[in-house]
Amino acid sequence: MGRDHGDGLVAVAGRVGVVTSVVLNLAVLGFYLRGRFFGAGAGAAEKEAGKKVKKAAAVAPSSGKPPVSAESTINLDHGDPTMFEAFWRGPMGERATVVIPGWQTMSYFSDVSNLCWFLEPGFEHEVRRLHRLVGNAAAEGYHVLVGTGSMQLFQAALYALAPPADAAPISIVSPTPFYSSYPAVTDFLKSGLYRWAGDANTFEGDEYIELVCSPSNPDGGIREAVLKSKSGKAIHDLAYYWPQYTPITHMLAHDIMLFTVSKCTGHAGTRIGWALVKDREVAQKMNKYLELNTIGVSKDSQLRAAKILEAVADGYERQPAGASGDASLLFHYAQRQMMQRWRALRAAVTASGIFSLPDEVPGFCTFAKDTVTANPAFAWLRCDKEGVDDLEGFLREHKIITRSGTRFGADPKVVRVSMVDTDEAFGIFVDRLAAMK
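Asker: Can you help me understand helix α11 (residues 330-352) in this one?
Answerer: Each full turn of the α-helix corresponds to 3.6 residues, which orients residues three or four apart in the same direction. Compared with an ideal rise of 1.5 Å per residue, which puts 23 residues at 33 Å, α11 spans 33 Å between its outermost C-alpha atoms and is within 8% of the ideal. Positive backbone phi, at 85 degrees, marks G353, one or two positions downstream of α11.

Asker: Mind showing me how you'd approach the nonpolar core here?
Answerer: Nonpolar side chains in soluble globular proteins tend to end up buried together. Grouped together as the largest cluster of nonpolar side chains are 111 residues, with contacts concentrated most on W88, F123, M286, L345, F355, L395 and L433. Ranked by residues supplied to this core, first place goes to α11 with nine residues. What W88 contacts, discounting residues up to four positions off in sequence, is G93, A96, T265, H267, I308, A311, V312 and L330.

Asker: I would appreciate a short explanation of the environment of P243 in the present structure.
Answerer: Inspection of the secondary structure assignment puts P243 in the loop between β6 (233-237) and β7 (256-260). C-alpha separation for the pair P243 and C365, spaced 122 residues apart in sequence, amounts to 7.7 Å. Residues in contact with P243, not counting those within four places in the same chain, are V134, I248, F331, Q335 and F367.

Asker: Any chance you could explain the sheet that holds β6 here in plain terms?
Answerer: Hydrogen bonds along the backbone pair up the strands of a sheet, which may run parallel or antiparallel. On the basis of which strands lie adjacent, the open sheet formed by seven strands has the order β2-β8-β7-β6-β5-β3-β4 and mixed pairing. Strands with a single pairing partner mark the edges of an open sheet, and in this sheet they are β2 (143-147) and β4 (194-199). The sheet shows a mean angle of 25 degrees between the axes of neighbouring strands, taken without regard to direction. Strand direction decides the pairing type here: β7 and strand β8 (residues 273-277), joined by five bridges, are antiparallel. Bridging across to β8, F259 finds its partner in W274. The sheet contacts of helix α9 (residues 280-294) involve β2, β7 and β8, and relative to β2 the element is tilted by about 15 degrees.

Calculation rules
- Residues numbered from 1 in each chain as written.
- Predicted model: local features only at pLDDT ≥ 70, side-chain atom pairs only at ≥ 80, totals over all residues.
- Heavy atoms only, no water.
- Helix = DSSP H or I, 4+ residues; strand = E, 2+ residues; numbered from the N terminus.
- Expected span 1.5 Å × (residues − 1).
- Core = buried A, V, L, I, M, F, W, Y, C linked by side-chain atoms within 4.5 Å.
- Buried < 20%, exposed > 50% of the residue type's maximum accessible area, 1.4 Å probe, protein only.
- Contact = heavy atoms within 4.5 Å.
- Pairing = 2+ DSSP bridges.
- Axes fitted to C-alpha atoms, helices over the stretch in contact; angles between N-to-C directions.

Structure, rendered in structure tokens:
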């Protein structure tokens, strides 16, 4: 009896559940139809959906470097371009935001008709557009390759230009002071194709690959190839050839030109660089290296980089309504910031009396259409105080971390100092420097 009664209750409950489900479904359907055909509630629904998308798109940021205080050790060893963050927190930040749906960028391939089949068409378009805007490098008639930062492209270029494996390793050279990573990266895998051979100024021989970094990392000087052999080859590292660092005096058109998003816009964490390569066979060999090394380059990073470069170009070509000053003009904003920092650093050097810096170098900038002074991303700081033979160690005693000149093939009385760190870190640095006697 109890069992029959329970079964009856279950049956009734089941019928009630079915009826309730039908009623709820009809209510939802009615609400949808009302919004679909009469517009009532549709705006609110879409707005709510938009909020959900934005919420889903918001990613908790990594902590990055810890904040600094007057008692902190200031690390200016790396060229970490956090100075740019203030610009991207402004009006242009929203214009550089990209949302990537879950179904997008799943394939290895971007454009199978392109020599660089993993290059996103949108990124290539914005690269060419930006070079046309700035006028720093010829992009038309060149193959565009994308890499995980410009250092991967540097390695790809070494591979492409090196002689066959049965030949002797080719010498890799660069004039002193050379970028400190060149020797380490060249010899890291102990390749039989090439080997680091040091200062281009003292190199003797006709077979070589010369690395031309211009503006120079570390001293900001404008460089040209030192060696002139017809059988020699050159790779031009132009990471800093942008208006915030140096006057754009010529549209360069070298055989291989390397660039990186990190130094152009400040987005070092995106890890995207690109190469402009004139010769198709060299471009194919470089692309083969990238294919074997990492099976392409992150398409998500390329999409973000494309959106960032688009925002930079739009700031000049389609300036947002109501924008004032340089709030939408990245290169003008960054050039102003760099100019102020160099003035502060030179004032601190004068106040101290024991340091020196390279002379200011002005030039007519075709982008700014004015004569401007170079404001390098690094300071090549020398100590003239008697008894200070190791400037890196001397500054470390004052809780300032820099990179010794010995890493660049120079002497230990000089160091490289990053000029693109946060305002707080840079401010503490110049205050400490001015107080040193």
